[in-house]
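Structural features, examined
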Amino acid sequence: MIINKPELLSPVGDMERLDAALNFGADAIYIGGNEFGMRAAAANFGFEQMKKAAEAAHALNKRIYLTCNTLPTNSEMDRMQEYLKNAALCGVDAFIVSDVGVLSLLKKTVPDAEVHISTQAGIVNYASANTFYEMGAKRVVLARELCFDDIKTIRDKTNPDLELETFVHGAMCMSFSGRCTISNYMTNRDANRGECSQPCRWQYYLMEQKRPGEYFPVFEEPEGTYILNSKDMCMIEHIDKLCDAGISSLKIEGRAKSSYYVAVVTNAYRNVLDYYLKNGKMPENENSWMYDEVYKVSHREYTTGFYFGRPENGQCYQSGGYVRNYDIAALADDYKDGKVYFTSKNGMQEGQIVEILSPQIKPFEVEVKNLCDVEGKPCENANHPMSQYSFDCSVPVAKGSIIRIEK
């Protein structure tokens, strides 16, 4: 049996997250520039940084995609052409767009540009996918609201050269394909321009128009309900089905998430995907730790989204916050003479049990012994962020490895 080998695509919001994604196994990354991307709150990339990011990715034979998937206004279109031209000169491998005007302009400005149609376009059928292919798209990012049968139908009824990309992990929007206007109405921050204030995560009561002050008992708790709050998507246990559906790229959501999140989630999917591609079956027993990794980042309750049909339990009504069981303590800088040298993030102390995560191997625990500062002097705590320390470790630790602590 020939197994479809999809790309693993990771989110990158700045250079630190770029290093995390590349180091922990992404085949490709997607970034946003200072304009026209759907994550206005992320650090994003100016042209100089964009060029450095492209060079870093290409040095490892990996690809880099630029999001240009907002709905630009008339005034913005006047400077769009120059923006697209400069981004192409930076070396990005593809542009992610949703607006047909931007698509048309891109084809005129950078004729050889590879185009990916954003999930914001809401593609749910093969006719739309074929139309975008005829307009010059190399790939379409399908709407999150599709089930496996829908995706397989689109695969069967589209040109085999058209690549299909789907989201497999991360935050879910309570509105179709992210086309939400609540944020715009309530806070004057337009979700379709990358400025969503996420009011779906807020706490609500229900009140009938003619009965002001009379709250209806729709709440799970006396404090109210998070009735619009979607759970996070997680498809790590269904990599085999994603491959079987003919998906070309497995996309992780989260350009505004931390470098720790990017590293851990990328690493988890990398391990499971590689295991399946090598063995033709999903990990089990002693390899089940691969699945556990996605629970070691800050996350909401997980769901499989719409892949198996309309979710019956896709909302989290008890809380709008995150589950967070682990904290990053430090990043490893070097290993020599039986010591791991690291840069402190959130600190650790002598005698504490920490867990070390290196790319593509099972994480392991170690007790912090002989903790020393940058001058080699013994100390009880490594509590100064961005300062260098070391401790004894009998197992070699790769540069860039994550040292974390269970809360």
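Report follows, based on the coordinates. (Residues numbered from 1 in each chain as written. Predicted model: local features only at pLDDT ≥ 70, side-chain atom pairs only at ≥ 80, totals over all residues. Heavy atoms only, no water.)

A word on the overall build of the protein
Which entries qualify depends on this criterion: Only DSSP runs of H or I covering at least 4 residues are called helices, and only runs of E covering at least 2 are called strands; the numbering of each starts at the N terminus. With a 1.4 Å probe rolled over the protein chains alone, any residue whose accessible area is under 20% of its type maximum counts as buried; one over 50% counts as exposed, and the rest are partly exposed. Contact between two residues is taken to exist if any of their heavy atoms lie within 4.5 Å; hydrogens are not considered. Note on areas: Shrake-Rupley, 1.4 Å probe, and residue coverage restricted to the protein chains presented here.
Looking only at helices and strands, one finds 10 helices and 19 strands in the protein. Looking at the protein as a whole, 52% of its 407 residues are labelled buried. Nonlocal contacts in the protein, meaning residues at least 24 apart in sequence, comprise 67% of its contacts between residues at least 6 apart. Put simply, the protein shows about 18,900 Å² of open surface, and 48% of that area lies on carbon and sulfur atoms.

What about the environment of Glu-301?
The topology assignment puts Glu-301 in the loop between helix H10 (289-292) and strand S12 (302-303). Separated by 70 residues in sequence, Glu-301 and Lys-231 place their C-alpha atoms 5.3 Å apart.

Here we look at the sheet that holds strand S14 (residues 339-344)
Remark on secondary structure: sheet strands pair via backbone hydrogen bonds, oriented parallel or antiparallel. Short version of the rule: Two strands form a pair only when DSSP identifies at least two bridges running between them.
Strand order in the open sheet formed by 7 strands is S16-S15-S19-S13-S14-S18-S17, and the pairing between neighbours is antiparallel. Strand pairing shows two members of the sheet lacking a second neighbour, strand S16 (364-367) and strand S17 (372-373), which therefore form its edges.

Some remarks on the pattern of salt bridges
Applied cut-off: Any Lys or Arg side-chain nitrogen found within 4 Å of a carboxyl oxygen on Asp or Glu counts as a salt bridge.
This structure, assessed with the given rule, holds 24 salt bridges. With a closest N to O distance of 2.9 Å, Arg-324 and Asp-327 form a salt bridge. Using a relative accessible area of 23% as the deciding quantity, one classes Asp-327 as partly exposed.

Topic: the environment of Gly-101
Within the fold, Gly-101 resides in helix H4 (residues 100-109). The exposure class assigned to Gly-101 is partly exposed, which follows from its relative accessible area of 29%. Note: C-alpha distance between Gly-101 and Leu-71 (30 residues apart in sequence) is 9.4 Å.

Topic: the packing of aromatic side chains
This is how the line gets drawn: Two aromatic rings, drawn from Phe, Tyr or Trp (for Trp, its six-membered ring), form a pair once their centres lie within 6.5 Å of each other, and the interplanar angle then sorts them: stacked below 30 degrees, edge-to-face above 60, tilted otherwise. Whether a charge sits over a ring depends on NZ of Lys or CZ of Arg being within 6 Å of the ring centre and within 35 degrees of the ring normal.
If you walk through the whole model with that rule in mind, you get 6 aromatic pairs. Following the ring pairs from residue to residue traces out a cluster consisting of Phe-148, Tyr-307 and Phe-308. Sitting over the ring of Tyr-30, Lys-251 keeps its end group 4.4 Å from the ring centre. Across from the ring centre of Tyr-261, 4.2 Å away, lies the NZ or CZ of Lys-257, which sits over that ring.

Here we look at the nonpolar core
Side chains of nonpolar character tend, in soluble globular proteins, to be buried together. Counted only if it meets this: Nonpolar cores were defined as sets of buried Ala, Val, Leu, Ile, Met, Phe, Trp, Tyr and Cys residues, with membership established by side-chain atoms within 4.5 Å.
Counting residues in hydrophobic clusters, the biggest one holds 94 residues, and the most contacted among them are Phe-95, Ile-117, Ile-239 and Tyr-269. By residue number, the principal contributor to this core is helix H9 (residues 259-279), which donates 12 residues. When residues no more than four places from it in sequence are discounted, the contact partners of Ile-239 are Leu-250, Tyr-269, Val-272, Leu-273, Tyr-276 and Met-282. One finds Phe-342, Val-368, Tyr-389 and Ile-403 within the second-largest nonpolar core, a separate group that totals 20 residues.

Re helix H2 (residues 47-59)
So the rule is basically this: By this rule, a helix spans an expected 1.5 Å times one less than how many residues it contains. Directions pointing from the helix axis toward each C-beta atom define the arc.
In a regular helix each residue adds 1.5 Å, so 13 residues correspond to 18 Å; H2 covers 18 Å between its end C-alpha atoms and thus fits that length. Turning to H2, its buried residues are Met-50, Ala-53, Ala-54 and Ala-57. Viewed along the axis of H2, the buried residues span an arc of 100°, placing them on a single side of the element. In H2, the exposed positions that point more than 90 degrees away from the buried face belong to Glu-48 and Ala-59. The inward-facing, buried residues of H2 abut helix H1 (15-23), strand S2 (28-32), strand S3 (63-68) and helix H3 (74-89). Looking one or two residues beyond H2, the residue adopting positive phi is Asn-61, at roughly 60°.

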